[in-house]
Structure formats: structure tokens, C-alpha cells
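Coordinates in review
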Amino acid sequence: MDKNLFEFFNENIKLDRASGTGERRCAFDRSFKQAGKRWVCRQRTHKGVRMRIAVIGQSLFGQEVYKELRKDGHTIVGVFTIPDKDGKADPLATEAEKDGVPVFKFPRWRLKGQAIQEVVTQYKATGAELNVLPFCSQFIPMEVIDHPRHGSIIYHPSLLPRHRGASAINWTLIHGDKKGGFTVFWGDDGLDTGPILLQRECDVEPNDTVNTIYKRFLFPEGVKGTVEAVRLIAEGKAPKITQPAEGATYECIQKKDNAKIDWNQSAEALHNWIRGNDKVPGAWAEVDGQKVTFYGSSLVDNGTAVNGQPLEIPGASQPGIVTKSGLVLFGNDGKTLLVKNLQFEDGKMIAAAQYFRSGSSAAVELTEEEKTFAEQMRAVWQSILSNVSQIEDSTDFFKSGAASMDVVRLVEEVKLRASSCQLQNEDVYMNTTFKDFIQMCVRKLRGEDDEEELVVDYVEKNINNMIIKMPHQLFINGEFVDAEGGKTYKTINPTDGTAICDVSLAQISDVDRAVAAAKEAFEEGEWGKMNPRDRGRLIYRLADLMEEHQEELATIEAIDSGAVYTLALKTHVGMSIQTFRYFAGWCDKIQGSTIPINQARPNRNLTFTKKEPMGVCAIVIPWNYPLMMLAWKTAACLAAGNTVVLKPAQVTPLTALKFAELAARAGLPKGVINILPGSGALVGQRLSDHPDVRKLGFTGSTEIGKHIMKSCAVSNVKKVSLELGGKSPLIIFSDCEMDKAVRMGMSSVFFNKGENCIAAGRLFVEDSIHDLFVQKVVEEVKKMKIGDPLDRSTDHGPQNHKAHLDKLVEYCQTGVKEGATLVCGGRQVQRPGFFFEPTVFTDVQDHMYIAKEESFGPVMIISKFKSGEVDDVLRRANATEYGLASGVFTRDISKALYVSERLNAGTVFVNTYNKTDVAAPFGGFKQSGFGKDLGQEALNEYLKTKAVTIEY
């Protein structure tokens, strides 16, 4: 079998958001009608024969088909899908593994045109009665296709025999088909030529793109159709209609090379070519000497006059015109189409209307036509604000009594008078006076309403099979700018010790500028006026952008911090995305309470509280989880309505700067987020001292935390939250599940190379199992692969930076000198970069330095305790000034609860470790700090409570 065509969509369409829209359904095409067959979709529970089915394919489409087949009662005997990509399993594989269904991830089924017998044998062993191929990008041999009793059925997104091949939807649009749809057919040895089982069709809308028709019809109805086809087979009612030769077509796969626009066509043909290649591979042409890709095409009314600036396009019948609505293009028939967006060779995408735009913030002078529009809108305002005698330029819509329903009416009134001026409710809230409202509308009518283009001086690297683009300047007030005096420093790749790039080094004046920008954004800007639900929408959008760039973010994290890529993708970046989504949901749920108070007769009183944002918040984060620590604090801070000035660790600034770019692109207003790479002594100190900063959140060492706390108190009594050092105890009792205790004990120490604030700094192991536990740990340590963090098989990457590596070497030397037994490790790995061997110490006594101080590295410290001495081991575990986290392993639930109640730490893990979640509060006791990250409690760190009492 040849490749099925959905490879394109798996990478380019977010299938999980697809939903049906009630398209008109057609039972079969003409071939089916000629055969006298009818198919009606039955909305009922399947009562036919249950079958043993092999699902061969991938993607969210395949996942949904798999789930529906299981709901119908069929037994899925095996899922055959692609190998994991970048450490991530395909959604179909993930779903099947969750259900305990056998999953096979063959890289290929054939070699040099011949079936791989070992693979075929494994497939046949499943005993499948039917193969279902909802989306399969692999070549499946006929030995597999023909093997089941019922054969194989395949989904194809066109009305076969039209548009056979792997770009069927592209060609449906390119050819301007009025009908589209899908076919479920029986597999044979041809290319999409097997007998037809069923078809459904839909109307192709004039401005459909591959994305829209797929989401609207081909995905949701395709899942239903594939499942219905299986029902028909189970009931013995499935037809086999030979595909007619008449009307059969086969087109090539669309790639960038063959997507160049031929301008010698009609406007409709040009439109079909552009939308048929939107978004991938993208129709392109030479403009001003560079390759420009066109997106968002639509046909326009040719009776409308086109006003704008001409744009010469080689080969076009006449110049395009850049208008307020986009780029108007002409076909060789003189008719027109409109393109909304353009993308340049460097990947930069702009609204087509901005092609020549210089940008201006000055008030615009109205034309006569615009003045007429303004007077029409003045009359609308007058009709809404009937209590106001006359609408002046200074009249405020809301201060004059308008409510939310009046906003909806105003937006619709604008649409009636100027259809091209598409307002959002937020536009009214942000432009409350009549003058500001008219200026905003006129700018939109002229196509001048968008924010000026974000300018980013990227450092680009081709690494990890992708081009990563890294901002390297300070981010202040919505712009990337150089530090004062152009000062820079080099950020180092710990894998080989080489410089990644030069990064701007913030100075005190830069801190002052950033704080001023944050203060203005909070007190005067739209962020401070924005309603909480809209604030949440922006944060959700930011999370979506982070998800779109998750592989790039994880790659940057790996080269800048040494994090293993797969861990960076799942934890550093994955949990960051989850954190922003979690707190986005809290934005409109922050509320106070009403409080009954003593009544002073004869008057009555009402007392209520309000939760309000603090204002400008400073955030100072460490280098072990650069992006995740940013997310843990910044997400809650923004959800509460504050503005942020953040200092990333000097040695790991790059993901924070990439985050700043994504925040700007998500639409967060200028000044809300500011990022300042620089030294703690300079930038961190100035933030601690600054009189306009009202809250400071810090994660780092206890020593620095104490200094920050003092500075915040002396300056202006800032609110402070501190997540500081730890020496977390992990107690392992003899009645534990040994293999799990070993596995989780390893994770508690070596996770993220030991650069983990809650790492188990000391393991207490009951003496009866001590030797066996150590033996098993050492065996596992020897299996760990140390190497390049971008290598998917690497378990243990480099330490974050050279100074930390040197500290670990010294730490282990101290342990040896004090008499602890070095079982393994303790040395730098002899290779380029900052690699340190996973280390295990035993015979560690309570008085030793390594028993009391945190290594913050891959060093396991093991001490024995006598059987039965629960209270004594608790005393030893709590004999520390730290109290960040702790853990206990035992099968005895009473013992587990007893120990967890008495461990003096902010987090206690029972029979697990490192299991943090965005909804669970995180923070320590004693000298591990105070205040919480994550969960609802984190919001309180960035809010102040105001009590209001009213007498009536």
C-alpha cells in the first residue's frame, strides 16, 4: 500500500479542536446510486457482531477512531503506529497504552520493496479480523492488507476516484471543486483504487482552506464515517463498489517547490491556488526580490473601487494594491481577490495591509467621508446615552451610564455603517471617550489599528533538526532593546563550554526604565483597565503560543541549561504551559467576601472585601528550571492583574527572552512583562530596593533570600515570597515496595541532574534493607547514559555551569575527607562540557557536612537507621534548618500518615516523589522560605485585601 495522505494534517492541523457543523450529507456518490445502494447514518448503539480489529495509523484522527471503535464494543487487538518523535508518543499510541492495548511502533513495514517478515509475523499474531487504517503514513505490505478475514478499510479525504494521492484536500480546493468529502474504501494493491465502501460529501465554501474544511467536515464526519463503515462490516451489509474509471484523477504531493504562483490565470484560479496551498506548503511569488508566501485569500466584489498603494509583482497582469483590508491581486480576467497575510523568507509574517506601513501614534485628521461617519456615530451615542444632552468629544461612554449591553449594541451599530470596521467589545472598553472611539474606528477603517510590528534581532541556530530563533536583548515596554552602553555578556552551552551568543547585560538605568514601564502599564495602560475574563483570554493565548513553540523552547532550554531535551519538553516547557493555562482560568474567579459586623443602631452596615493586584511585581528566578520557574511565578502574578519585571538567572536567560517575544505576539500590552538579564548584585539588588516595586518573588539560595528580605524591608516594606534552599529527607522503611523505592529514590536525587530544589538531599534507609537498596541503586546508576542532552537516549546531561561543577567536585571531596564511603561517581566526566558523574555516598553520619548541606547536584547521600526506630529517624530527618520537601516509602498506611504528620516540610511525598502539579501549592517551612507557588494559594502572594464598610 502507498502512503495515505494525512501526513500533512498530522503536522499542520490542530485536530483536537475540530467540531462538526451539520453539513448536508449525501449517502453515496453517483457510483453508489447506480449500484442501488443507500447508506443512512444511524445514531444508535451498535448491536451487531463485535470484531477483533487492528488499527494501523497515527494522529488524533486515528485516536478518535480508535476510541469510538472501543465504545462500539470491538476488541482492538493491536495498534500499529509510528515510533515516538522527539520523545513524544503519537496520540493514538498514548491512548492505546493507557487502555493496555498492545502497541507496535515499527519504523517501517517494508525494506527494498519487500515486507519485513518479522514485522508481518508480529502483526499476524494479533489475530485481527479487520484492519482499519484511519490515517497511515507508512507503506503497508499486501501480506498485511489481505490477511484479515474481512480485509482492510482505509479513510481517504476525497470523493474517489477523484484526487487519489497524498494531497487530496489541496487539490480539491486547487481545482475549485464545488463538492468535497471523504471515502472509506477497501484496501487493494493500487494507489487509492480499492472498492468503495461508503462516501460522504459536503459543499466546499468559496473561501474554504484546507484547515477550515478539515475541521468543519473531514475530521468530525470522517471519524463517524469510518466507525460506521466498521458497523456495516460487522452487520454484513458493507458494499464493495468498484471505482469507475471515468473521472479518476491522481495529483502529485504539494511541496514548496511546486507551489509557485502562475499569474497568468483568472482571479478565481489564483484564489483556488492560494487557498489550496494554505497553510502548507504555501503559495509563493517573487516580490521586491524576495520570496513572499500568500495566506488568507478570498474573492472580492469587483464592483468595489480599490484604493491603496500599488505593489509591483513580476508576472502579474497588473500591480497589486495594498489597502486597509489587505493586498488586492488581479487575475488575467481583470477580476480581483484579497490576501490577508504575507510571510517573508525569514519566516516573518505580517498583515498584508502593513506592507508599506510606517506607523504613527499621532491623532489622525479625518477626511470628509470620515467626518460623516463620525457624525453618524455621534447620533448613535446620543440614542444610547439618552440621559446626556449633547455628545461632546470628551463624553465618556461608561461614565455617562452605558452598560455591557450598550457595548454590544454600539459594536453592531458600527458594523451597520462601516462593515469593514470589525470591532471587538474590548475596543470600546479601551476607548471610552467619543474622541478616542472615533480615532480608533478611523484607524481600523484605514487599516492602521494594529500594533506596530515587533522587531526582534534573532540569533539563529540550526540545531536539533530545526531552526531556533533566539532574542538576546533586554525586553522593556514591549520592545527588545540593548542595555545601557551596549553592554553584553556571553551565555555558555554547558554541553561543550562554547558560547551560544552575546546577551544584553542590564544596568541600573535599565531596571528603572523597566519598572517605570511596568508602573505605567498598571496605572495608565489597558492592562489595568481590562476585565479579568479578557485578561484570562490573553494568558490562554500566550499558553497556546508556547505550545506551538514547545520544541523550540525545549531546544533552547537544553542548550542553555543542559536539561535533557525530552525532560525539557515534558517538564521544563510542558508544565510551564500547564501553569499558564491553569492560572488563566483563575482570572475571573478572584473574589472577596461579605462579612457580618456588629450593627450600630439605628443604622445598618455592609462590609465586604475586595482582592486587588499589588501593582509592579519583581520576580527573580534561578537557573535550574529557567522557563518553569518563570511560569510558576509569572502566571499567578499576571492572573492577579499585576505587571512584571523579571530577572532570569544570568547563566540561563534565553528561554525567558523567547517567552517575552511570545507574550508580545499573544497581545499582552506593552509594559506588562519586562525581562532583564543581568547580575543579581546589580539587577536583583535594584529591584529589591526600588520604591515602585510592591512585591518581590524570589527562588534561590537561603543566603540570598535573607539579603533580599532585608533590602525589601528597608526600602519600602515590600511584600516578599521566598522559595529557598532545601535538604529534603526521604525515609525508606523495610516494608516498602523495593523496586519502586529504588526507582523513585533515583528520581528523587538524579532528576534534572540533581539540580532540583526538592531533590532528596538525604536518604534514610532502614538497616535491614540498606545493603540491598544500595546494591540496586548502584546497578541502576551504572546503566545511566551521560551525554548530549539533545540525544533522545541520554539520561544525564551536563551540570548547568562551570562554577557549579567545581562546587560539586569540592562537595564530594569534603564527603570523602570526613569519612563517608564514596560508592560510585564523585568526579567530573572527562569530556568537553560540564559533566559530573552520578554519585552515591553511604555511611554518612549526621555531623558530616554532606549530611547537612545541599549539593544541588546528582549526589545521593545515604544514612542507615535502626529497624523500629521511627521517632528517632524523624528526629534526624527534621534536624535541619530547611523544610522544603520530604518523602516516605512504606506499605503501612498508618506509619505513612504518622510520619507525614511529623515531617516538618511544606511538601510530603508518600510512596512517590517529585510529583508536583499546577493545582497543588508548593513552598517550604523554616529557612526554605515562605509563601506558595502554584495552586489557588499562589494568587494570594500577588493580591492585597481591601475591606469596605458602608453605613446605610
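Residues numbered from 1 in each chain as written. Predicted model: local features only at pLDDT ≥ 70, side-chain atom pairs only at ≥ 80, totals over all residues. Heavy atoms only, no water.

Before going further, it helps to examine the confidence of the model for the protein. Residue-level pLDDT values for the protein average 90, and 92% of them are 70 or greater. Contacts for the low-pLDDT stretch residues 1-46, under 50 throughout, to residues beyond four places or in other chains number 125 contacts. (pLDDT = per-residue confidence, 0-100. Contact = heavy atoms within 4.5 Å.)

The strands making up a sheet associate through hydrogen bonds between their backbones, and the pairing can be parallel or antiparallel. A sheet is described by the order of its strands in space; here 7 strands give the open sequence β32-β33-β34-β31-β30-β36-β37, paired in mixed fashion. Of all the strands in the sheet, the pair left with one neighbour each is β32 (821-824) and β37 (907-910). Pairs of neighbouring strands in the sheet enclose a mean axial angle of 20 degrees, with direction left out of account. Pairing geometry for strand β36 (residues 885-889) and β37, over 4 bridges, is parallel. Paired with alanine 885 across the two strands is threonine 907, which belongs to β37. Each of β30 (728-732), β36 and β37 is contacted by helix α29 (residues 893-902), which is oriented at about 165 degrees to β37, the strand it contacts most. (Pairing = 2+ DSSP bridges. Helix = DSSP H or I, 4+ residues; strand = E, 2+ residues; numbered from the N terminus. Axes fitted to C-alpha atoms, helices over the stretch in contact; angles between N-to-C directions.)

Time to look at the nonpolar core. By size, the foremost hydrophobic cluster in this structure holds 112 residues, and its most contacted members are Met546, Phe580, Leu638, Ile732, Leu763 and Phe773. At 11 residues, the largest contribution of residues to this core is made by helix α20 (residues 626-639). Sequence-distant contacts of methionine 546, defined by excluding residues within four places in its chain, comprise Leu553, Ser576, Ile577, Phe580, Leu627, Phe659 and Leu662. Counting 39 residues, the second largest nonpolar core, distinct from the first, contains Met51, Val65, Tyr155 and Ala229. (Core = buried A, V, L, I, M, F, W, Y, C linked by side-chain atoms within 4.5 Å. Buried < 20%, exposed > 50% of the residue type's maximum accessible area, 1.4 Å probe, protein only.)

A separate point is the packing of aromatic side chains. Each pair of aromatic rings is reported with the distance of its centres and the angle of its planes. A full pass over the atoms with the stated rule returns 29 aromatic pairs. When the ring centre of phenylalanine 835 is taken as reference, the NZ or CZ atom of arginine 831 above it lies at 4.2 Å. Directly above the aromatic system of phenylalanine 733 lies the positively charged group of lysine 895, at a separation of 4.5 Å from the ring centroid. (Phe/Tyr/Trp six-rings, centres within 6.5 Å; stacked < 30°, edge-to-face > 60°. Lys NZ or Arg CZ within 6 Å of the ring centre and 35° of its normal.)

With mixed pairing, the 7 strands of this open sheet are ordered in space as β3-β2-β1-β6-β7-β8-β9. The open sheet is flanked by β3 (103-105) and β9 (196-203), the only strands paired with a single partner. Recorded for the sheet is a direction-independent mean angle of 15 degrees between the axes of neighbouring strands. Across 3 bridges, the pairing between strand β6 (residues 130-133) and strand β7 (residues 152-156) is parallel. Each residue of the ladder has a partner; that of leucine 133, found in β7, is isoleucine 154.

Below, the discussion takes up the side chain of glutamate 723. Considering the arrangement of structural elements, one finds glutamate 723 in strand β29 (residues 719-723). Salt bridges are absent for the buried glutamate 723, whose nearest opposite-charge side chain, lysine 633, sits at 5.6 Å. Beyond its immediate sequence surroundings of up to four residues, glutamate 723 is in contact with Met629, Lys633, Phe698, Thr699, Gly700, Cys757, Leu884, Phe922, Ser928 and Asp933. (Lys, Arg positive; Asp, Glu negative; His and termini not counted. Salt bridge = Lys/Arg side-chain N within 4 Å of Asp/Glu carboxyl O.)

Here the focus is unusual backbone geometry. Cis geometry marks the peptide bond from leucine 160 to proline 161; its omega dihedral reads 15 degrees. Mapped onto the fold, proline 161 is located in the loop between β7 and α7 (168-174). At histidine 163, a residue that is not glycine, the phi angle is positive and equals roughly 60 degrees. When you line up the elements, histidine 163 lands in the loop between β7 and α7. The residue lysine 753 is not glycine, and still its phi comes out positive at about 65 degrees. Along the chain, lysine 753 falls in the loop between α24 (738-750) and β31 (760-766).

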